[in-house]
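# Residue-level structure breakdown
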Amino acid sequence: MSLTEGSARYAGSRVARVEDARLLTGHGTYVDDIQRPGMLHACFVRSPFARARIEQIDASAALALPGVHAVFTAQDLNPGVHELSFTAWRGVPDSQRPPLAEGEARFVGDPVAMVIAVDRYVAEDAAELVDVEYEALPAVVDYATAHETDALVWDEWAGNLLGRTNGRPVDDLAPIFESAHLVVDETIHQQAYVAVPMETRGSIVEWDGSELTIWASTQTPHDFRMFAARLLGIPEHSVRVIARDTGGAFGQKVNPHREDMCLYLAARKVPAPIKFVEDRRENLMASQSRHEHGRVRMAFDADGTILAASIDSVQDVGAYPIPWPVGSGSAVGALFPGGYRFSDATFDCRFMLSNTPGRTAYRGPWQFETVAREVTLDIAARRLGVDPVELRRRNLLRRDELPFVNGNGMPLTDMTPLETFEMAVDMLGYDAFRREQAEARAAGRYLGVGTASYVEPTASAMPFYGSEGATIRIEPSGVVNVYLAGGSAGNSLETTAVQLTADALGVDISMVHTIQGDTALTPFGAGTGGSRSGPMVAGAIRETAAVLRERIAAIAAHTLEAAAEDIVLEDGKAMVKGSPANALTYAQIADIAYFKAGKLPPDIPAGLEASARFRAEAPNVWANATHVCTCEVDVETGHVRLLRYIVAEDCGPMINPNVVEGQIAGGTVQGIGGALLEHFSWDEDGNPTATTFVDYLLPTSTEVPTIEYGHMEGSPGPGPGGYKGVGEGGAIGAPPAVVNAVNDALAPLGVTVTRLPADPAHIVSLLQQADAGEDRS
C-alpha cells in the first residue's frame with residue numbers, strides 16, 4: 001500500500017458487526033442501565049388539556065409524600081435559562097421553548113411541573129398529588145385550518161404561521177401549465193406518525209459543583225454538550241456528555257427536548273444525580289412527525305414528458321417544534337423534482353403551529369416530497385394511458401446527463417436514477433408480474449405493483465455538518481484505538497469505523513477498537529443524522545490515518561536504514577519493499593515511539609497518536625434508490641398483503657453490505673408502517689387517541705415480506721472512497737411504493753388512495769364511496 005491511500009481488505013466485505021456480541025448477550029449499556037450513588041428520579045406533571053391557562057399549582061400534598069425531594073414549576077426552573085438555541089440553527093427565528101409550560105399549557109402532555117423522588121414509583125405517585133388549576137381555552141387542533149381561527153398557539157405568531165419559504169413565482173410557470181396536454185392537480189395527505197425507538201428518550205444528569213455530567217440517549221453527544229453549556233451559561237469544558245448504547249433514535253434524539261432542559265436546570269438545585277427515562281406512553285405523546293399535506297400540479301406533453309411541476313406544502317409543526325422546521329422542511333420544496341428531467345418547478349412551503357406535540361425530525365424528514373411526487377406520477381400515468389414504469393423511463397435522468405440542476409436550483413451529481421430504476425424493475429420481472437396480475441383479476445383477485453424513486457442528499461458541506469474529526473492511537477502494544485464523536489445508535493458506526501481504520505493502517509481488524517460517544521474523549525463531531533456518518537467518518541479516518549502512516553514509515557525507514565518511499569505498510573508491519581523479512585511490527589515501532597525517543601528520526605514527534613479533521617467539499621453527496629412493491633388487496637376487508645419488496649440503491653461503493661442492507665431494511669419497515677398502519681391522531685379537543693401499542697399499530701414480521709436488494713455501485717460520490725449515506729432512504733421510498741401498489745391493485749374499481757395511511761377501514765370506505773358514485777379519493 002502507498003502512504004497516502006489505505007488498502008481495501010475489509011471495506012466492501014460483509015464483516016460481522018463488532019457490537020453484536022455485546023448487544024445480543026445483554027452487555028449493552030443504555031441510560032436505564034446506569035446507576036449513580038444516591039440517584040434520584042424525575043417524573044413530570046403533564047397537562048390534560050390541549051390548551052389551558054395555568055392558574056395555580058399546589059405541590060404541598062406531593063411534597064408531604066415520603067420519598068419526595070422536590071417539586072419544581074416554571075417559576076423555579078425557567079429563570080435559570082441563560083441561552084436557548086440549537087447549534088445547527090443558532091441565530092434563526094424560532095418558536096418559544098420554555099423548559100416547563102409557563103402561563104399556558106399548549107398540548108396534552110405539556111410538562112407543567114417536575115417531581116424529584118427516591119424512585120420512579122414514588123415520583124409518579126407524587127405527580128398525581130400535584131394540584132394544578134387550569135382554565136381550558138380554545139385549542140388549535142387542525143393545522144390545516146389553523147390560519148382561519150382567532151385562537152393562537154403563541155401570540156408572537158400571527159395566523160399560527162411559524163414560517164414560509166418558496167421558490168420562483170408560480171406565475172412564471174403559468175404559460176407551461178396553460179399549454180400542456182395534461183395537468184394533474186392532486187392534494188396528497190400524510191398522517192402524523194412517530195419514530196418509536198426501542199429505547200425511549202432518557203438522561204441522567206449529575207452536577208458535582210463544577211462539572212455537569214450527562215448520560216444521554218442521543219445521536220449527537222457534542223451538540224448536547226454545547227446546548228447544555230449555553231442553556232446554563234457555564235463553560236463548555238464544564239459539561240461532559242456520555243452516550244453509550246442508544247436503542248434507536250431516527251431523528252427524535254438529535255436535539256435535547258424540554259425534559260432534558262429541566263434535568264440540566266434541576267441538577268444544580270438537587271444534591272444528587274437525577275434520572276428520567278420516559279415510558280412508552282410519554283414517548284408516543286412527546287413529539288410528532290410527517291403530519292402534512294401538499295397540493296401537487298404536474299404538467300405533461302402528449303408523450304408523457306414532464307414539463308413543469310409545483311408543490312404547495314403545509315406542515316404541522318405542533319406547539320414546540322424541535323428545532324427549526326422551516327429550515328429542514330424547506331427541503332420538501334427544493335427536492336420535489338427528484339431525479340426527473342425537467343427544469344421548470346416551484347414550491348411554497350408553510351409551517352403551521354397547532355396545540356399538538358412539537359414536530360421532530362424523523363428519518364428522511366423531507367420525505368413528503370417523494371410521497372407527493374411519486375403518488376401523483378402514478379395518477380398521471382393512468383390518465384395518460386401510459387404504464388407508470390414507462391412514464392418514469394421517459395423522464396428519469398440517466399447518469400450521463402449529470403450534472404443537472406433541477407427546477408428549484410439543486411445541482412444533482414454522481415447518481416444513477418434511471419439505471420437504478422431499471423435494476424429494480426428487472427429484479428421484479430415486471431412484464432411477468434403484469435401477466436400474473438391480469439390472470440388474478442380475471443379470477444377476482446386484485447394484485448398491484450408500485451414503484452417509487454427518490455434522490456437524497458447525504459453528507460454535505462453545510463455549516464456544523466460539514467466536517468468531522470477522528471483521533472487514532474496506536475497503543476504501545478500495537479493495537480489501535482480510533483476515537484469518533486459517533487455513538488452506537490443501531491447504525492453500526494462501530495463496525496464501519498473498525499473496518500475503515502483497519503484498511504487505512506493495514507492491520508488485522510481484530511487489532512482495532514473504537515471509542516465513541518463521550519465528549520471528554522472524542523473529537524468534536526456533528527453526530528449521526530442526515531445520512532452523513534459513512535462518508536464523513538471515512539473522510540475523518542482517512543485524514544487521520546494519513547498522518548500516522550507517514551510517521552510510521554519515517555520511523556521504520558530510519559530504523560531499517562531505508563528510504564521512506566520504499567516502506568510498505570501491511571499486515572500490521574512496516575517492511576522494506578521487495579524485502580519482507582526486513583520489517584518492524586507496529587508494536588516494535590510503538591515501542592520506539594513511546595519509550596525510545598532518542599531513536600526517533602529528527603522532526604518526528606514521540607508517540608503514535610494523531611488527530612485530524614475531514615472537510616466536505618461537495619455541496620451534497622447524492623444517493624438514490626428505487627423501491628418496487630407488489631401486493632394483494634382484499635376488497636371485502638380492505639386488508640393489504642405485501643407480496644414482494646425490492647430496493648435497488650445507489651449509495652456508491654459499500655463499506656459493509658450487511659450494514660447497508662440493515663439500514664435499508666430498518667427504514668423500509670418504518671415506511672411500510674407509515675403507509676399501512678401507523679397513525680398518531682387527536683380528537684377535536686386535542687386529546688391523543690393512540691397512546692399505547694393497542695391503538696398505535698406497528699408492522700411486525702407478518703406484515704413485512706423478505707426484502708430483496710439490488711446494489712448499483714457504478715456512481716461513486718465525490719468524497720473519500722466514493723462512499724455515500726444510506727441511513728434514511730428506506731423510510732423515504734417505502735410509503736409511496738406501497739401506496740402506488742395499492743392504487744394499482746384498486747385501479748379497476750376507480751379507487752385512488754391520496755390520504756395515508758391505506759389501512760383497511762380507509763380502503764373499505766373508498767370502495768364504498770366508489771360503489772355509490774362518490775369521490776374516489
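Below you will find a few notes about this structure. Within any chain, residue numbers begin from 1 and follow the written order of that chain's sequence. Where totals are concerned, whole chains, interfaces and linings use all residues; where local detail is concerned, this predicted model gives features only for residues with pLDDT of at least 70, and gives and counts side-chain atom pairs only at 80 or more. As a rule here, side-chain values cover all heavy atoms of the structure and leave hydrogens and water aside.

## Some details on unusual backbone geometry
Here is the rule: Secondary structure elements follow DSSP: runs of H or I of four or more residues count as helices, runs of E of two or more count as strands, with numbering from the N terminus. Think of it in three bands: with a 1.4 Å probe and only protein chains considered, a residue is buried below 20% of the maximum accessible area for its type, exposed above 50%, and partly exposed in between.
Between I322 and P323 the backbone carries a cis peptide bond, its omega angle lying at -15 degrees. The residue P323 is located in the loop between β14 (306-318) and α9 (325-329) in this model. For the bond from L756 to P757, the omega torsion is 0 degrees, close enough to zero to count as cis. For P757, the location among the structural elements is in the loop between α19 (729-746) and α20 (760-771). One non-glycine residue, F464, lies in positive phi territory at about 75 degrees. Structurally, the position occupied by F464 is in the loop between β18 (446-460) and β19 (467-474). By relative accessible area, which is 17% here, F464 ends up buried. Notably, S492 is not glycine yet its phi reads approximately 60 degrees, a positive angle. Of note, S492 is situated in the loop between β20 (480-484) and α15 (493-505).

## Details of the nonpolar core
So the rule is basically this: For this analysis, a nonpolar core means a set of buried residues of the types Ala, Val, Leu, Ile, Met, Phe, Trp, Tyr and Cys, connected via side-chain atoms within 4.5 Å. Residues are treated as being in contact if the distance between any of their heavy atoms lies within 4.5 Å.
Ranked by internal contacts, the top residues of the largest apolar core, which has 131 residues, are V115 and F300. If we skip the residues at most four places from it in the chain, F300 touches A180, H181, L182, V184, T305, I306, L307, L377, A380, L384 and L391. Ranked by size, the runner-up nonpolar core spans 51 residues in total, among them V15, I474, L493 and A545.

## A few points about the sheet that holds β18
Definition in use: Strands are labelled as partners when DSSP assigns at least two bridges between them. Whenever a helix is involved, its axis is fitted only over the stretch in contact; in every case the axis is a line through C-alpha atoms, and angles between N-to-C directions fall within 0 to 180 degrees.
Strands sit in the order β18-β26-β27-β28 across an open sheet of four strands; the sheet is mixed. Edge strands, defined here as strands with exactly one partner in the open sheet, are β18 and β28 (707-711). Taking each pair of neighbouring strands and ignoring which way they run, the sheet shows an average axis angle of 20 degrees. As paired elements, strand β26 (residues 620-633) and strand β27 (residues 640-650) share 10 bridges and run antiparallel to each other. Pairing of C629 across the sheet is with Y645, part of β27. On top of the sheet, helix α13 (residues 417-428) reaches β18, β26, β27 and β28; it is set at about 25 degrees to β26, its chief contact.

## Details of the environment of T187
Assignment of secondary structure puts T187 in strand β8 (residues 182-190). Among the residues examined, T187 registers a relative accessible area of 31% and is labelled partly exposed. Spatially, the C-alpha atom of T187 lies 46 Å from that of P523, the residues being 336 residues apart in sequence. Apart from the residues lying within four places of it in its own chain, the contact partners of T187 are H293, G294, R295 and T754.

## With respect to the side chain of E292
Applicable threshold: By the criterion applied in these results, polar contacts are pairs of N or O atoms within 3.5 Å in which, for protein atoms, one can donate a hydrogen and the other can accept it, and in which residues neighboring in sequence qualify only through two side-chain atoms.
Examined against the element boundaries, E292 turns out to sit in strand β13 (residues 292-300). Accessibility expressed as a relative area gives 0% for E292, which makes it buried. There is a polar contact of 3.3 Å between the side chain of E292 and the side chain of Q315. In terms of polar contacts, E292 uses its side chain to reach the side chain of R359, at 3.3 Å. Leaving out residues up to four positions away in the same chain, E292 has contacts with Y143, I188, H189, Q190, V314, Q315, R359, Q367 and F368.

## As for the packing of helix α16 (residues 533-560) against helix α17 (residues 586-595)
For clarity, the cut-off: Should an angle fall under 35 degrees it is taken as roughly parallel, and over 145 as roughly antiparallel, whereas 65 to 115 is taken as roughly perpendicular and any remaining angle as oblique. In this classification, Asp, Glu, Lys and Arg are treated as charged, Ala, Val, Leu, Ile, Met, Phe, Trp, Tyr, Cys and Pro as nonpolar, and every other residue, Gly included, as polar.
Look at α16 against α17: their axes get within 10 Å of each other, and the N-to-C directions meet at 90 degrees. What the angle tells us is that α16 and α17 run roughly perpendicular. Within the contact between the two elements, α16 uses I552, I555, A556 and T559 and α17 uses Y586, I589, I592 and A593. Within the contact of α16 with α17, the residues separate by chemical class into seven nonpolar, one polar and no charged.

## Remarks on the packing of helix α18 (residues 657-676) against α19
This is how it is decided: Left-handed describes a crossing whose near helix is turned anticlockwise from the far helix by less than a right angle; the clockwise case is right-handed.
Contact pair α18 / α19: the axes reach a minimum separation of 7 Å and the direction vectors enclose 40 degrees. By the angle between their axes, α18 is oblique relative to α19. Of the two possible hands of crossing, α18 and α19 adopt the one that is right-handed. Facing I664, G667, T668, G671, I672, A675 and L676 of α18, the residues of α19 in contact are G730, A731, A734, P735, V738 and V739. Here the residues of the contact of α18 with α19 are counted per class, giving nine nonpolar, four polar and no charged.

## Details of α20
Test applied: Residue count minus one, scaled by 1.5 Å, sets the expected span of a helix.
For α20, with 12 residues, the first-to-last C-alpha span of 16 Å sits near the 16 Å given by 1.5 Å per residue. For α20, the full list of buried residues reads H762, I763, V764, L766 and L767. The first or second residue beyond α20 is G773, which carries a positive phi of 80 degrees.

## With respect to the packing of aromatic side chains
Under the convention used in this document: What counts as a ring pair is set by centres within 6.5 Å for rings of Phe, Tyr and Trp (its six-membered ring), and what kind of pair is set by the plane angle: stacked under 30 degrees, edge-to-face over 60, tilted for all other angles. Counted as over-ring charges are cases with an Arg CZ or a Lys NZ within 6 Å of the ring centre that also lie within 35 degrees of the ring normal.
Under the definition given, this model contains 10 aromatic pairs. Ring geometry for Y594 versus F595: centroids 6.3 Å apart, planes at 50 degrees, classification tilted. Take F595: its relative accessible area is 56%, and that puts it in the exposed class. Residues F680 and W682 carry aromatic rings whose centres are separated by 5.2 Å and whose planes lie at 80 degrees to one another, so their mutual orientation is edge-to-face. According to the relative accessible area criterion, F680 is buried, its value standing at 1%. Residue W682 is classed as buried on the basis of its relative accessible area of 14%. Counting every residue linked through ring pairs, the aromatic cluster contains F107, W154 and Y320. Over the ring of W154 we find R106, and its NZ or CZ is 3.5 Å from the ring centre.

## Remarks on the sheet that holds β20
If you walk across this open sheet you meet the four strands as β21-β20-β19-β25, and the pairing is mixed. In this open sheet, the two strands that pair with only one neighbour each are β21 (512-516) and β25 (609-615). Across this sheet, the average inter-strand angle for adjacent strands is 20 degrees, counted without regard to direction. Taken strand by strand, α15 contacts β19, β20 and β21, and its axis lies near 135 degrees from that of β21.

## Some thoughts on empty space enclosed by the protein
This is how it is decided: Method remark: on a 1 Å grid restricted to protein atoms, a set of points is classed as a cavity if a 1.4 Å probe fits but cannot get out and as a pocket if it is open with protein on both sides within 12 Å along at least five of seven lines; lining residues have an atom within 4 Å of a point. Grid points are joined across faces, edges and corners, and a volume is the space filled by probe spheres set on the points.
Throughout the structure, instances matching the rule amount to six cavities of 30 Å³ or more. Every residue lining the largest cavity is counted, 14 residues in all, and those nearest its centre are F107, R201, R258, E259 and A286. Mapped by element, the contributors of at least two residues to the lining of the largest cavity are α7 (258-267) and α8 (280-286). Its residues assigned to classes, the lining of the largest cavity shows six nonpolar, three polar and five charged.

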